[in-house]
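# Geometric and topological summary
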Amino acid sequence: MKNLRNFIQTTLVVSSLLLFSSFVKAQTPSEWEKLKDDINVFMVNDMGRNGYYDQKPIAELMGEMGETIGPKCIIAAGDIHHFNGVASVNDPLWLTNFEMIYSHPELMIDWFPVLGNHEYRGNTQAVLDYGKISRRWVMPARYYTKVLHSGNATLRILFLDTTPLINRYRNEGEIYPDASKQDRQKELDWIDETLKNAKEDWVICVGHHPIYADTGKDKEERNDMQKYLLPVLHKYGNVAIYACGHIHNFQHIKMADDNIDYVVNSSASLSRKKVSNIEGTVFCSNDDGFSIIAASKNELKMYMINNKGEVIHTITKSK
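Owing to the predicted nature of the structure, the values given are computational and were not obtained by experimental measurement. One numbering rule holds for all chains: residues counted from 1, following each sequence as written. Only residues with pLDDT of 70 or above have their local features reported here, since the model is predicted, and side-chain atom pairs are shown and tallied only from 80 upward, although totals for entire chains, interfaces and linings are computed over all residues. Excluding hydrogens and water, the side-chain figures rest on all heavy atoms present in the structure.

Let's shift gears to the sheet that holds strand β4 (residues 144–150). Across the sheet, which stays open at both edges, the seven strands sit in the order β4-β5-β6-β7-β9-β8-β10 with mixed pairing between neighbours. The sheet terminates laterally at β4 and β10 (281–285), the two strands that pair on one side only. Between one strand and the next, the sheet's axes are offset by a mean angle of 15°, whatever the strand orientation. Pairing between strands is defined by DSSP: at least two bridges between the two strands are required. Note on conventions: DSSP H or I runs of at least 4 residues are helices, E runs of at least 2 residues are strands, and numbering of each starts at the N terminus. As defined by bridge partners, strand β5 (residues 153–159) adjoins strand β6 (residues 202–206) across five bridges and the pair is classed as parallel. For Leu-158, the partnering residue across the bridge sits in β6 and is Cys-205. Where helix α7 (residues 184–196) meets the sheet, it contacts β4, β5 and β6, and its direction lies at approximately 175° from that of β5. Any two residues whose heavy atoms approach within 4.5 Å at even a single point are treated as in contact. Axis lines are fitted through C-alpha atoms, for helices just across the contact stretch, and the angle between N-to-C directions can take any value from 0 to 180 degrees. Against the sheet, helix α8 (residues 219–235) contacts β6, β7 (241–244) and β9 (261–264), and its axis sits at roughly 145° relative to β7.

Next comes the structure, spelled out in structure tokens:
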């Protein structure tokens, strides 16, 4: 009876979300057509709000844009579930945060997730195991790589597990019980070996936490990312973009004498309004939304999309 009651309550919540969600009137498909390239990928993060705030409208916008752009897959760069992750693969949050929110037919494609700090508050193994429940949830390991190709273009994406790279989370075992159990050096060695052997036209690394960002969050987070991860990303000179979430606004940072573009993707549900320029800032915005990666053999672009479907900034890499 308890399970039935929980199911009914969940169904009512989902039905309400679907009935009362607002639909974004965005730019025309002819404008979106210009964003298409050989390889297109959508990127979202920090979206798990049970459909509230802008989560459902942005999800609908992604579907509408997907009809024109035809993404090959979707990157979910952490914090899929606020605030304490999930308890199991049967947690109702999978319905109210994911399945019934990203329900547009064009979003029924492969989703490639990484774990965020909020996932580490719950059952991280359940996030990996959810692929046994949902066909579109593809997460073979805590960190992994995927190569996409179309026409003459190839794009390699490294999906990183950044929470265990940061000492703060490793030291707070009561809140993040799985963080200190992960072998940080083993992941760094894997990243090194993968980048060493990467021969694709473009290489992008995706994690949840930023290496550089304007934020009120603990500076030690960025210090640890710069200490442990950054030297590996620089080692072979083939990483074009490091993209992340966590900060809930858009930021594009380019440091002097550094070939990597550092991109903070905004929240796909609720942004943080305060963002300012720091050293290396090329662009920043407090809009919420998502991003689109577009690759050809000789050009890589990453478009920041606000909740109206407008391109507010473009990162461009050329060969």
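Now that the structure has been shown, we can carry on.
As a further point, take the state of the cysteines. The rule for a disulfide is simple: a pair of cysteine sulfur atoms within 2.5 Å. Inspection of the entire model under this criterion finds zero disulfides. This cysteine, Cys-205, is not joined by any disulfide, and Cys-244 carries the nearest cysteine sulfur, 12 Å off. Exposure classes here rest on a 1.4 Å probe applied to the protein chains alone. A residue is buried below 20% of its type maximum, exposed above 50%, and partly exposed in between. Residue classification places Cys-205 among the buried residues on the basis of a relative accessible area of 0%.

Below, the discussion takes up the side chain of Ser-291. Here Ser-291 lies in strand β11 (residues 289–295). Distance and chemistry together define a polar contact, namely a pair of N or O atoms within 3.5 Å, with one atom able to donate a hydrogen and the other to accept it when in protein, and with adjacent residues in sequence counting only for side-chain atoms on both sides. One polar contact links Ser-291 to Asn-265, side chain to side chain, over a distance of 2.6 Å. What Ser-291 contacts, discounting residues up to four positions off in sequence, is Val-41, Phe-42, Met-43, Phe-250, Asn-265, Met-302, Tyr-303 and Met-304.

The rule is short: rings of Phe, Tyr and Trp, with Trp giving its six-membered ring, pair when the centres are within 6.5 Å, and they are stacked under 30 degrees, edge-to-face over 60, tilted in between. Under the counting rule described, the total for this entry stands at 14 aromatic pairs. Measuring from centroid to centroid gives 4.9 Å for Phe-98 and Trp-111, while their planes differ by 85°, and the two rings are edge-to-face. Of this pair, Phe-98 sits in helix α4 (residues 93–99) while Trp-111 sits in strand β3 (residues 111–113), placing them 13 residues apart in sequence. Overall, Phe-98 belongs to the buried group, its relative accessible area being 0%. According to the relative accessible area criterion, Trp-111 is buried, its value standing at 0%. Considering the side-chain rings of Phe-112 and Tyr-144, the 6.5 Å spacing of their centres and the 40° angle between planes classify their relative orientation as tilted. Within this pair, whereas Phe-112 is found in strand β3, its partner Tyr-144 is found in strand β4, the two being separated by 32 residues in sequence. Accessibility expressed as a relative area gives 5% for Phe-112, which makes it buried.

In this structure, Thr-162 sits in the loop between β5 and α6 (167–171). Within polar-contact distance, the side chain of Thr-162 engages the side chain of His-209 at 2.7 Å. When residues no more than four places from it in sequence are discounted, the contact partners of Thr-162 are Gly-207, His-208, His-209, Met-225 and Tyr-242.

Next up on the list: α7. Given a rise of 1.5 Å per residue, 13 residues ought to cover 18 Å, and the 18 Å separating the end C-alpha atoms of α7 matches this to within 8%. For α7, the set of buried residues is Arg-184, Glu-187, Leu-188, Ile-191, Asp-192, Thr-194 and Leu-195. Its side-chain oxygen placed 3.2 Å from the backbone nitrogen of Gln-185, Asp-183 serves as the N-cap of α7. Helix span, expected: 1.5 Å multiplied by one less than the number of residues in the helix.

The pLDDT averaged across the protein chain works out to 93; a share of 92% of its residues lies at or above 70. One number per residue, pLDDT, summarises how confident the predictor is, and it ranges from 0 to 100. Mean pLDDT in the protein chain bottoms out at helix α1 (residues 2–20), which sits at 43, and peaks at β7, which reaches 99. With pLDDT under 50 throughout, residues 4–26 is counted as low confidence; its partners more than four residues away or in other chains account for 27 contacts.

A few words on the pairing of strand β12 (residues 299–306). Across the eight residues that make up β12, a large majority, six, are buried. Judged from the seven bridges that link them, β11 and β12 form a sheet pairing that is antiparallel. By the bridge assignment for β12, Ile-292 is matched with Tyr-303. The loop that links β11 with its antiparallel partner β12 comprises three residues.

Before going further, it helps to spend a moment on unusual backbone geometry. For the peptide bond that leads from His-82 to Phe-83, omega is 5°, which places it in the cis range. With respect to the secondary-structure elements, Phe-83 resides in the loop between β2 (73–76) and α4. The phi dihedral of His-246 falls on the positive side, at around 80°, and the residue is not glycine. With respect to the helices and strands, the residue His-246 is situated in the loop between β7 and β8 (250–253). The buried category is assigned to His-246, whose relative accessible area is 2%.

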